[in-house]
Amino acid sequence: MDMTMESCRKFVEVLASDAPAPGGGGAAALVGAIGTALGNMVGSLTVGKKKYADVEAEIRALKAKCDALQKELLDQVEADEKGFVPLSRAYGIPKDDPNRETVLEEATLTACGVPVHIMELCCEALEAISVFAAKGSRLAVSDAGCAAVCVKAALQAASLNVFINTKTLKDRKKAEELNAKCLGMLEQYGAMADEIFSTVKAGFFK
C-alpha cells in the first residue's frame with residue numbers, strides 16, 4: 001500500500017504500529033520531501049517579486065528541480081517498503097537452508113539501496129535550500145532554515161537505515177564502500193545544513 005496516498009494521521013498511526021513498514025526509511029523519505037517542499041515554498045514566495053528580479057531565473061530553475069526532488073522522495077516511501085520485503089522474507093528462511101546466506105546477503109544489499117538514494121536526494125535538496133536561504137525572499141528565510149533542519153534529519157535518519165544493514169553484510173569490502181559513501185554525505189551535507197540554520201538564526205539577532 002502506498003502510504004503517501006493516506007492522510008497524515010493514518011501514516012503516523014501505521015508508523016506507530018507493529019507493521020513492518022513504513023519504518024525509518026519511509027519516515028526519512030517523507031521528512032525529506034516535507035523539508036524540500038518547505039524550501040521550495042521560499043522559492044514560490046520569491047518569484048514574480050520585483051525586488052528579486054535579478055535571481056528570478058535561478059530561483060525558477062531551482063523550483064523545478066525541487067518539484068522533481070520532493071516527488072521522488074515521496075516515491076521512496078513505497079520503494080523502501082518494497083526494498084525491505086525481501087529482507088524480511090530472507091530472515092524467515094530456516095537456518096539450515098544452504099541458500100539462506102546467499103539470499104540474505106542479496107536482500108540486505110537491496111535493503112540498502114533505497115536509503116542510500118534518499119540520502120542522495122536529500123543532498124541535492126540541501127544544495128537548493130542553501131540558495132533559497134541566501135537569495136530567496138527575506139520574509140520566508142525562517143522557512144529556509146526549517147527546511148534545512150528537516151532535510152538534515154532525513155539525511156541522518158536514512159543513513160542509520162543503511163548502517164544497520166551494512167553491519168551484517170558478509171562482503172565487508174562492499175559494506176565499507178557503502179559506509180564511506182554515506183559518511184561522506186553526512187559530513188559534507190550535514191555541515192551545509194548546520195551552516196544554513198546558523199546563518200538564518202544569526203540574522204534574527206543582528
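Summarised in this report is the structure supplied together with it.

Analysis parameters
Residues numbered from 1 in each chain as written. Predicted model: local features only at pLDDT ≥ 70, side-chain atom pairs only at ≥ 80, totals over all residues. Heavy atoms only, no water. Helix = DSSP H or I, 4+ residues; strand = E, 2+ residues; numbered from the N terminus. Contact = heavy atoms within 4.5 Å. Areas by Shrake-Rupley, 256 points an atom, 1.4 Å probe, with all protein chains shown as cover. Disulfide = S-S within 2.5 Å. Buried < 20%, exposed > 50% of the residue type's maximum accessible area, 1.4 Å probe, protein only. Axes fitted to C-alpha atoms, helices over the stretch in contact; angles between N-to-C directions. Parallel < 35°, antiparallel > 145°, perpendicular 65-115°, else oblique. Left-handed = near helix turned anticlockwise from the far one by under 90°. Nonpolar A, V, L, I, M, F, W, Y, C, P; charged D, E, K, R; others polar. Salt bridge = Lys/Arg side-chain N within 4 Å of Asp/Glu carboxyl O. Core = buried A, V, L, I, M, F, W, Y, C linked by side-chain atoms within 4.5 Å. Lys, Arg positive; Asp, Glu negative; His and termini not counted. Polar contact = N/O pair within 3.5 Å; in protein donor to acceptor, adjacent residues only side chain to side chain.

### Considering the overall build of the chain
- Summing up its helical and strand segments, the chain has 6 helices and 0 strands in all.
- For the chain, the sequential pattern of α-helices and β-strands runs α-α-α-α-α-α.
- By sequence separation, contacts in the chain at least 24 residues apart represent 75% of the contacts at least 6 residues apart.
- Summed over all atoms, the accessible surface of the chain reaches about 11,000 Å², with 60% contributed by carbon and sulfur.

### Side note on the state of the cysteines
- Under the criterion given, the structure shown has 0 disulfides.
- With no disulfide of its own, Cys 122 has Cys 123 as its nearest cysteine by sulfur position, at a separation of 7.1 Å.
- Judged by relative accessible area, Cys 122 falls into the buried class, the value being 0%.
- Cysteine Cys 150 shares no disulfide, and the gap to the nearest cysteine sulfur, in Cys 146, comes to 6.7 Å.

### A closer look at the packing of helix 5 (residues 141-166) against helix 6 (residues 172-203)
- Packing of helix 5 against helix 6 leaves a shortest axis separation of 9 Å and a crossing angle of 165 degrees. Relative to helix 6, the element helix 5 lies roughly antiparallel. Crossing handedness for the pair helix 5 and helix 6: left-handed.
- Residues that form the contact of helix 5 with helix 6 fall into these classes: 18 nonpolar, 7 polar and 3 charged.

### Some remarks on the pattern of salt bridges
- Scanning the model with the defined rule gives 9 salt bridges in all.
- Here Glu 78 makes a salt bridge to Lys 82, at a shortest N to O gap of 3.7 Å. Here the residue Glu 78 and the residue Lys 82 both occupy positions in helix 3 (residues 56-91), the gap between them amounting to 4 residues, near one helical turn.
- Owing to a relative accessible area of 26%, Glu 78 belongs among the partly exposed residues under this scheme.
- Residue Lys 152 pairs with Asp 194 through a salt bridge whose shortest N-O separation is 2.7 Å. You can see Lys 152 sitting in helix 5 and its partner Asp 194 sitting in helix 6, a full 42 residues away along the chain.

### Focus: the nonpolar core
- By size, the foremost hydrophobic cluster in this structure holds 50 residues, and its most contacted members are Ile 118, Cys 122 and Phe 132.
- Where this core is concerned, the elements lending two or more residues are helix 1 (8-16), helix 2 (24-44), helix 3, helix 4 (100-135), helix 5 and helix 6.
- Per element, the largest residue contribution to this core is 15 residues, and it comes from helix 4.
- Cys 122 has contacts with Gly 32, Leu 73, Val 151, Ala 154 and Leu 155, leaving out every residue within four places of it along the chain.

### Things to note about the side chain of Asp 80
- In this structure, Asp 80 sits in helix 3.
- Nearest to the buried, unbridged Asp 80 among oppositely charged side chains is Lys 82, at 13 Å.
- At 3.4 Å, the side chain of Asp 80 and the backbone nitrogen of Gly 26 are in polar contact.
- Those residues in contact with Asp 80, other than ones at most four positions away along the chain, are Gly 25, Gly 26, Val 114 and Pro 115.

### Side note on the environment of Leu 109
- Position of Leu 109 among the secondary structure elements: in helix 4.
- Measuring from C-alpha to C-alpha, the distance between Leu 109 and Gly 83 comes to 9.4 Å, with 26 residues separating the pair along the chain.
- Among residues more than four places away in sequence, those in contact with Leu 109 are Leu 169, Lys 174 and Leu 178.

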